[in-house]
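Analysis of the macromolecular model
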Amino acid sequence: MEGNLFQVLARNLSQFWEYTGFANFDGNWGYLLMIAIGLVFIYLAITKEWEPMLLVPIGFGIIIGNIPFFSGLSIGVYEEGSVLNILYQGVVKGWYPPLIFLGIGAMTDFSALISNPKLLLIGAAAQLGIFGAYAIALLMGFSATDAGAIGIIGGADGPTAIFLSSRLAPNLMGAIAVSAYSYMALVPVIQPPIMKLFTNKKERLIRMKPPRAVSQTEKILFPIIGFLLTALIVPSGIPLLGMLFFGNLLKESGVTRRLAETARGPLIDVITILIGLTVGASTQADKFLQVTSVLIFVLGALSFIIATTGGVLFVKFFNLFLKEGNKINPLIGNSGVSAVPDAARVSNNVGLQYDKTNYLLMHAMGPNVAGVIGSAVAAGILLAFLA
Amino acid sequence: MKRVIIKALILTVFFFAWQRSFAQSQEDMRINEILVTNTNDFEDDFGHKNGWIELFNSSYGTVNIGGCYFTNDPANLTKYIIPKGDVLTAIRPRQHVLFWADNQPFRGTFHLNFTLEESKEILFVASDGKTIIDRIKIPHEQLLENISFGRVKDGFGKTDGTEGWEILRQTSPSTNNFGVDEIPKSVIIKEIDPYGAVMSITSMSAVFVSLILLYIIFKQIGKYNIRNSQKRSDQVSVLKGRKEKVSVEDTSAEVYAAIATAMHLYQTDNEAHDIENTILTIAKVTRNYSPWSSKIYTLRETPVKNR
């Protein structure tokens, strides 16, 4: 009897051991590597304050997604019906990104852009990163759909990257999303050397004309006309553009304050938590640690470099046609990528390094928000051509 | 009264929009392919080979065809009613469904009460029993055994059968007529444009065009707005007897922001210093150190001992 009891106990303990994460590591050091990456994300978010709102959920999501488990218990993000899988559907089906865009629209002030609409063109120029990365990805042997999904990293817009990759290359979505968010967090590191490389001291000291006051009518008209125009040209961008401009109309109409506050507050916070956590959890080592993921990271870095270069060089080119006094400081060219507001903050900080009284933040916010529109339009175009 | 009229109008619009959307969903169904003589083709669930009609949902939403009609007689549009309540009659977006024209309706929802051999024309009728959604005349003389007649591209072509139909190379029951060996769009794009140059130029042009149009429109709106504001400002200047006019265009938004902030602080946060409460409170400070008298703040620089 005693012998039997010990045998049963031993068998139970042995079974329990097989259920544990330790037993299921099964020599796959990839899980440990991914957990380490998750910890690095959390470290960078807390100590360096690099995009903490994104890196903390993603970092913890990576840890959640890389605890090895006994499959079949319906707990993993890729197991149908599991809680994580249900939450992940917002990423897979692409309905988190438009909701994030709703919040972004409700918190974005387009005044800087409306007062100086030529800054819109910088937002267009910086989309060069998307198509530069697309071309390089094609050369590296990726299919056109994969290349399009990878290229969108250059738009520096996480929700757009998730939205497009869920449509064009769902198998690469985890790597693309993590890459996009990682480089967005690294904007203060990646962009300044490029900005300094392509500008001279005289250009960096350009003082821009302060923005004029913008009337409420103009602010109300902007989302309506902006949507009609962009959506009629690129209907495939409707989910993103529609939500972005709708959110902005809620903000600027002045009569839907509660809705605007919900969109830019609780709603975007909830979706940010869910999108960050589930995207992180989708990086399960066995699916994520592949050569393709490394290539995507390389291409992501290149796309950011091309986008920043495109924006800065475009401003220099544009200045050739502008009168003295109306010239644009090329240090705001980097803001054409839509990492809001980090890219604009980088413009301001680099500008202040050369002139402590030249605040570029307001000017840089123009191309920065134009970049959001530009990247959504670019995503729509890629979707129309490749889907 | 006005409100009542507005509400009635809104309700009417909603009603018609709902009606239209309902009808429109059924209207998106298309007769997509027919096989008249089936001797060596697809079998039904009973193992019989019969002629069939393929319907295609050309919309991007699920359409329930329960209650709609099939007929081969224009004088009797309600010859076969598709039973309501069968979950299988909810046709998912861009999907196909097959009806067996075997004159055996008791075999289930998808078995019609006529055959194609005896039919000159097939009509698909909406659930109102009157609206003909799609119709096709059967070219019996061209249709050999196991040869089907269908739309060249699923769902495309006219709804009276006069355009978009041809004898198909192979039957494709419940699947795309053209899509079996179709090359994906992305593959074609990569073949045509292996370096992505055309795609990049096209897409960048489209992005630029969108934003340039937005720039032009808002440049004009801005000019109009500045002109109007300047007029108002000039009127105020005249009223107040000012000699110099203020240029609205040259007045920075920062000036307005500073004024607005000051007013906000004055009105809401009680930060104004115009009225002091004139009460002096002397309270014991528990801290031993207070920075107001600190030498750090009173000396301009750290003294250096003379050598």
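Residues numbered from 1 in each chain as written. Chains lettered and ligands numbered in written order. Predicted model: local features only at pLDDT ≥ 70, side-chain atom pairs only at ≥ 80, totals over all residues. Heavy atoms only, no water.

Considerations on the overall build of chain B
When helices and strands are tallied, chain B shows five helices and eleven strands. A burial count over chain B gives 34% of its 307 residues as buried. Sequence separation of 24 or more characterises 58% of the internal contacts of chain B that already satisfy a separation of 6 or more. For chain B, the exposed area adds up to about 20900 Å²; of that, 57% sits on carbon and sulfur atoms. (Helix = DSSP H or I, 4+ residues; strand = E, 2+ residues; numbered from the N terminus. Buried < 20%, exposed > 50% of the residue type's maximum accessible area, 1.4 Å probe, protein only. Contact = heavy atoms within 4.5 Å. Areas by Shrake-Rupley, 256 points an atom, 1.4 Å probe, with all protein chains shown as cover.)

With respect to the packing of helix α11 (residues 158-168) of chain A against helix α21 (residues 361-386) of chain A
Residues and elements named next belong to chain A. In contact at an axis separation of 10 Å, α11 and α21 are set at 5° when each is read in the N-to-C sense. It follows from the interaxial angle that α11 and α21 lie roughly parallel. From α11, Thr160, Phe163, Leu164, Arg167 and Leu168 reach across to α21, where they touch Ser375, Ala376, Ala379, Leu382, Leu383 and Leu386. Split by residue class, the contact of α11 with α21 holds eight nonpolar, two polar and one charged. (Axes fitted to C-alpha atoms, helices over the stretch in contact; angles between N-to-C directions. Parallel < 35°, antiparallel > 145°, perpendicular 65-115°, else oblique. Nonpolar A, V, L, I, M, F, W, Y, C, P; charged D, E, K, R; others polar.)

Focus: the interface of chain B and chain A
Taken together, the contact pairs 37 residues of chain B with 47 residues of chain A. Three residues, Leu211(B), Leu214(B) and Phe218(B), lead the burial of chain B against chain A; their summed loss comes to 18% of the area buried on that side. Counting every contact that joins chain B to chain A gives zero salt bridges. Linking chain B with chain A are four residue pairs in polar contact (both at pLDDT 80 or more). Contributions of two or more residues to the side of chain B that touches chain A are made by α2 (185-192), α3 (197-239) and α4 (253-267) of chain B. Tallied by class, the residues present in the side of chain B that touches chain A amount to 20 nonpolar, ten polar and seven charged. (Buried area = accessible area lost by both parts, 1.4 Å probe. Salt bridge = Lys/Arg side-chain N within 4 Å of Asp/Glu carboxyl O. Polar contact = N/O pair within 3.5 Å; in protein donor to acceptor, adjacent residues only side chain to side chain.)

A closer look at the side chain of Arg30(B)
Tracing the chain through its elements places Arg30(B) in strand β1 (residues 29-35). For the buried Arg30(B), no salt bridge exists, and the shortest N-O distance to an oppositely charged side chain is 4.9 Å, to Asp134(B). (Lys, Arg positive; Asp, Glu negative; His and termini not counted.)

What to know about the confidence of the model for chain A
The predicted structure's coordinates, where accompanied by low pLDDT, should not be read in detail. Here chain A averages 89 in pLDDT, while 99% of its residues score no lower than 70. Looking at the elements of chain A, mean pLDDT is at its lowest for helix α18 (residues 285-288) of chain A, recorded as 80, and at its highest for helix α16 (residues 238-253) of chain A, recorded as 94. (pLDDT = per-residue confidence, 0-100.)

Concerning the pattern of salt bridges
Residue and element names in this part refer to chain A. For the structure on display, the rule yields nine salt bridges over all chains. In this structure, Glu203 engages Lys316 in a salt bridge whose closest nitrogen and oxygen atoms are separated by 3.1 Å. With Glu203 in helix α14 (residues 201-204) and Lys316 in helix α19 (residues 291-319), the pair connects residues that are 113 residues apart, well separated along the chain. Accessibility expressed as a relative area gives 17% for Glu203, which makes it buried. With relative accessibility at 25%, the residue Lys316 sits in the partly exposed group. With a closest N to O distance of 3.1 Å, Asp342 and Arg345 form a salt bridge. Here Arg345 and Asp342 lie together in helix α20 (residues 342-354), a separation of three residues that amounts to about one turn. Judged by relative accessible area, which is 43%, Arg345 ranks as partly exposed.

Describing α21(A)
Compared with an ideal rise of 1.5 Å per residue, which puts 26 residues at 38 Å, α21(A) spans 36 Å between its outermost C-alpha atoms and is within 8% of the ideal. α21(A) sits mainly inside the fold: 22 of its 26 residues count as buried. (Expected span 1.5 Å × (residues − 1).)

A short note on the environment of Gly129(A)
All names here are of chain A. Mapping Gly129 onto the fold places it in helix α9 (residues 128-139). The spatial distance from the C-alpha of Gly129 to the C-alpha of Leu250 is 31 Å, given a sequence separation of 121 residues. Residues in contact with Gly129, not counting those within four places in the same chain, are Gly151, Gly154, Ser303, Ile306 and Ala307.

Thoughts on the nonpolar core
Formed by 122 residues in total, the largest nonpolar core has its most connected members in Leu113(A), Phe222(A), Ile328(A) and Ile373(A). Top element by residues in this core is α21(A). It accounts for 14 residues. With 29 residues, the next largest nonpolar core counts Phe70(B), Phe110(B), Ala126(B) and Ile136(B) among its residues. (Core = buried A, V, L, I, M, F, W, Y, C linked by side-chain atoms within 4.5 Å.)

Focus: the pairing of strand β2 (residues 51-57) of chain B
Residues and elements named next belong to chain B. Counting buried positions along β2 yields seven of seven residues, so the element is predominantly enclosed. Because side chains alternate across β2, one face comprises the buried residues Gly51, Ile53, Leu55 and Asn57, and the other comprises Trp52, Glu54 and Phe56, equally buried. With six bridges connecting them, β1 and β2 associate as antiparallel partners. Bridged to Arg30 within β2 is Phe56. (Pairing = 2+ DSSP bridges.)

Description of the pairing of strand β8 (residues 121-125) of chain B
Residues and elements named next belong to chain B. Across the five residues that make up β8, a large majority, five, are buried. Judged by which residues are buried, β8 turns out to be covered on both faces: Glu121, Leu123 and Val125 on one side and Ile122 and Phe124 on the other are all buried. Pairing analysis gives three bridges linking strand β4 (residues 69-71) to β8, with the strands arranged antiparallel. Among the inter-strand pairings, Tyr69 is bridged to a residue of β8, identified as Val125. In terms of strand pairing, β8 meets strand β9 (residues 132-137) through five bridges, oriented antiparallel. Bridged to Glu121 within β9 is Lys137. Hairpin connection from β8 to β9: six residues lie between these consecutive antiparallel strands, with Gly129 at a positive phi of about 75°.

Regarding the packing of aromatic side chains
Applying the stated criterion to the full structure yields 17 aromatic pairs over all chains. Ring plane angle 50° and centroid distance 5.7 Å describe the contact between Phe314(A) and Phe208(B), whose orientation is recorded as tilted. Placement of Phe314(A) in helix α19 and of Phe208(B) in helix α3 is noted, with the two residues assigned to different chains. Judged on exposure class, the residue Phe314(A) and its partner Phe208(B) are both buried. Members of the aromatic cluster, each reached through a chain of ring pairs, are Phe110(A), Phe222(A), Phe245(A) and Phe218(B). Residue placement shows Lys153(B) over the ring face of Phe156(B); its charged tip is 4.9 Å from the ring centre. (Phe/Tyr/Trp six-rings, centres within 6.5 Å; stacked < 30°, edge-to-face > 60°. Lys NZ or Arg CZ within 6 Å of the ring centre and 35° of its normal.)

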